[in-house]
Amino acid sequence: MHVKTLILGGGLTGLSTAYHLEQLGHTDYLVTECEAAPGGLCASRTVSGFTFDYSGHLLHLHTPYGKKLVKKLLKTNLARIKREAWIYTGAARVPFPFQANLFALPPARRQACVDGLLQAAARPKKEPKNFEEWCLNAFGPGVYEQFMRPYNTKLWGRAPKELTCDWCGPFVPLPAPQEIIKSARKPAKKAYGYNAYFYYPKTGGCGALVSALAERVTNLRLSAPVTRVNLKKKTAVVGGETVSFDQLVNTLPLPEFLRLLEGEAALKKLADKLVHTSVAVYNLAVKGGPGKPFSWIYCPDEQDPFYRVGLQSSFSPHNAPKNTSSFYIELPGDTPRTKAAEKRIWKALVQKGIISKYDEVLFSFWQTLPYAYAVYDKRRSRAVRQALGALAGRGCLCAGRYGRWEYSFMESSLLQGLETAEKLV
């Protein structure tokens, strides 16, 4: 079989690339997906009338084209939702972001944050060498020790000083020092962060977006894993069949793709420099409602087994039957899937008032996200730059969160599909 363009991965980026190729009048392509359904991690699962995503998948739309495309795909099946996010630390419940809502902290902890910020402001600024230095420059030791260090250590599985600050950009809100100090006296009126509002399908979970996109993609092959790729011969073995191509688009996790390459020893070595975290997701359905409505809660404290809890049923009334609630609970990927671990999770949820000890647990189940976050350590930037440059020189474009090995959100995947299609054409 021969195609002009072979697209590896039927997730959001791969489907978007194919969709935009067709919009540009090019239909000689093939999208291959190893799973039996498209979407990758952007998928939803229905269990006993509940809809669960593969952890939190929310649409943060910030560009005119991104909004136009999603509205075109989902039509009326789309709602705009105001974020209700919190940080639960110690006995305090702090609105997100932590650094702009110091008023919610106990007096001593609040003062430590203000004093730390004043210390940071008085010091000469140096270019930060890592994420720890970036945080200390921006917020001082009080905010860093109370939230930034413990939460990010949980999320990334390593100390902040082992991370670069390349990823911070839109993901860490950066209020001005005077705004942080002012927040120690009263709540902030301004909504900080890229996710102050988000969009979500009214029915079908985030998988509704994938379904709408896949319906517009003609040449999609499912249950077809890629086992070998030869860039010199321009061939790939897909689902046991050899497919030749003129152009290749990779949206698979970059290190995984590099290890599939034949005769590319130098590129395969780069794969060993690319590190990632995995996430264990414990999904929980209960009869009753949450103690306090929310979108999601950050849990930085070391004694809590999870680092974030999302209220899946808050995103749409169709995600859970009436008088019930559903949660996704995110934990480090090496968390054991045992009854003891589940009891520890339930106990922590009750202690924090997220659920009540009187709530009836209807069911629960685990999911694993083997590739969750590309780790921004000191080796990442150079290794990614070398890999993407070498692949482009051999006629292979990489796109998407995992193809480019970056930290991004769903709109970026859609837009990179457009960008990639335009480059191909």
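The structure presented is a predicted model; accordingly, all values stated were derived computationally and were not measured. (Residues numbered from 1 in each chain as written. Predicted model: local features only at pLDDT ≥ 70, side-chain atom pairs only at ≥ 80, totals over all residues. Heavy atoms only, no water.)

**Brief notes about helix H9 (residues 339-351)**
Condition: Secondary structure follows DSSP: runs of H or I at least 4 residues long count as helices, runs of E at least 2 residues long count as strands, and numbering of each begins at the N terminus. Helix span, expected: 1.5 Å multiplied by one less than the number of residues in the helix. The cut-offs for exposure are 20% and 50% of the maximum accessible area for each residue type, with area from a 1.4 Å probe on protein chains only; residues under the lower value are buried, those over the upper are exposed, and the others partly exposed. Each direction from the helix axis to a C-beta atom contributes to the arc, which is the arc of those directions. Two residues form a contact once any of their heavy atoms are found within 4.5 Å.
Taking 1.5 Å of rise per residue, the 13 residues of H9 would be expected to cover 18 Å, and the 18 Å separating its terminal C-alpha atoms lies within 8% of that figure. Turning to H9, its buried residues are Ala 341, Glu 342, Ile 345, Ala 348 and Leu 349. The buried residues of H9 occupy an angular sector of 125° when projected down its axis, which confines them to one face. Exposed residues lying more than 90 degrees from the buried face of H9 are Lys 339, Ala 340, Lys 343, Lys 347 and Gln 351. Those residues of H9 hidden inside the fold are in contact with strand S13 (276-287), strand S15 (308-311), strand S16 (324-332) and strand S17 (360-374). Residue Gly 353 follows H9 closely and has a positive phi angle near 75°.

**Re the sheet that holds S16**
Heads up, the condition is: Any two strands between which DSSP finds at least two bridges are classified as paired. Interaxial angles span 0 to 180 degrees and are taken between N-to-C directions of axes, which are lines fitted to C-alpha atoms, for helices over the stretch in contact.
Spatially, the seven strands line up as an open sheet ordered S7-S6-S14-S15-S16-S13-S17, and their pairing is mixed. Where the open sheet ends on each side, the last strands, each with one partner, are strand S7 (92-95) and S17. Here the strands of the sheet are splayed against their neighbours by 25° on average, with no regard to which way each runs. Two strands pair when backbone bridges link them, and strand S14 (residues 296-298) and S15 are joined in this way by three bridges, in the antiparallel orientation.

**A closer look at unusual backbone geometry**
Omega for the bond connecting Phe 96 with Pro 97 falls within 30 degrees of zero, at 0°, which places this linkage in the cis form. Relative to the elements of secondary structure, Pro 97 occurs in the loop between S7 and helix H3 (107-122). Even without a glycine there, the phi angle at Ser 48 is positive, about 50°. If you trace the backbone, Ser 48 turns up in the loop between strand S3 (44-47) and strand S4 (50-53). For Lys 75, which is not glycine, the phi dihedral falls at a positive 55°. As for its placement among the helices and strands, Lys 75 is situated in the loop between helix H2 (64-74) and strand S5 (79-82). The class for Lys 75 is exposed, based on a relative accessible area of 55%.

**Section: a positive patch on the surface**
Quick note on the threshold: Nonpolar side chains (Val, Leu, Ile, Met, Phe, Trp, Tyr) are joined into patches within 5 Å and like charges within 9 Å, using only residues with over 30% relative accessible area and no salt bridge. Throughout, the Shrake-Rupley method with a 1.4 Å probe supplies accessible areas, and for residues the shown protein chains are the sole cover considered. A pair is scored as a salt bridge if a Lys or Arg side-chain nitrogen falls within 4 Å of a carboxyl oxygen belonging to Asp or Glu. We treat Lys and Arg as the positive residues and Asp and Glu as the negative residues; His and chain ends play no part in the count. A charged residue contributes its charge at one atom only: NZ of Lys, CZ of Arg, CG of Asp or CD of Glu.
Residues Lys 182, Arg 185, Lys 186 and Lys 189 make up a contiguous surface patch of positive charge. Mapped onto the elements, Arg 185 comes out in the loop between helix H5 (177-182) and strand S8 (197-200). According to the relative accessible area criterion, Arg 185 is exposed, its value standing at 61%.

**Observations regarding the nonpolar core**
Note the following rule: Buried residues of nine kinds, namely Ala, Val, Leu, Ile, Met, Phe, Trp, Tyr and Cys, make up a nonpolar core once their side-chain atoms join them within 4.5 Å.
Among the nonpolar cores identified, the biggest contains 49 residues, and Phe 98, Leu 102, Phe 139, Trp 156 and Trp 167 are the most heavily contacted of them. Going through the elements one at a time, strand S6 (85-89), S7, H3, helix H4 (131-156), S8, S13, S14 and S17 are the ones with two or more residues in this core. Looking at this core element by element, the count peaks at twelve residues for H4. Here Trp 156 is in contact with Leu 163, Trp 167, Thr 277, Tyr 373, Ala 374, Val 375, Tyr 376 and Tyr 407, once residues within four sequence places are set aside. With 33 residues, the next largest nonpolar core counts Val 3, Leu 231, Ala 383 and Tyr 402 among its residues.

**Observations regarding the packing of aromatic side chains**
When we look at a pair of aromatic rings, we describe it by the centre distance and by the angle of the planes. This is how the line gets drawn: Classification of ring pairs rests on two measures: the distance between centres of Phe, Tyr or Trp rings, Trp counted by its six-membered ring, which must be within 6.5 Å, and the angle between planes, read as stacked under 30 degrees, edge-to-face over 60 and tilted in between.
For the structure on display, the rule yields 31 aromatic pairs. Judged by centre distance (5.7 Å) and plane angle (55°), the rings of Trp 156 and Tyr 373 are tilted. In this pair, Trp 156 sits in helix H4 while Tyr 373 sits in strand S17, placing the two residues 217 residues apart along the sequence. Each member of the pair, Trp 156 as well as Tyr 373, carries the same accessibility label: buried. A centroid spacing of 4.8 Å and a plane angle of 50° characterise the contact between Tyr 282 and Trp 366, whose relative ring orientation is tilted. Of this pair, Tyr 282 sits in strand S13 while Trp 366 sits in strand S17, and the two are 84 residues apart along the sequence. Here Tyr 282 falls in the buried class, since its relative accessible area comes to 0%. In this structure Trp 366 comes out as buried when scored by relative accessible area, which is 18%. Put simply, the rings of Phe 131, Trp 134, Phe 139, Trp 156, Trp 167, Phe 171, Tyr 194, Tyr 373, Tyr 376, Tyr 407 and Phe 409 pair up and form one aromatic cluster.

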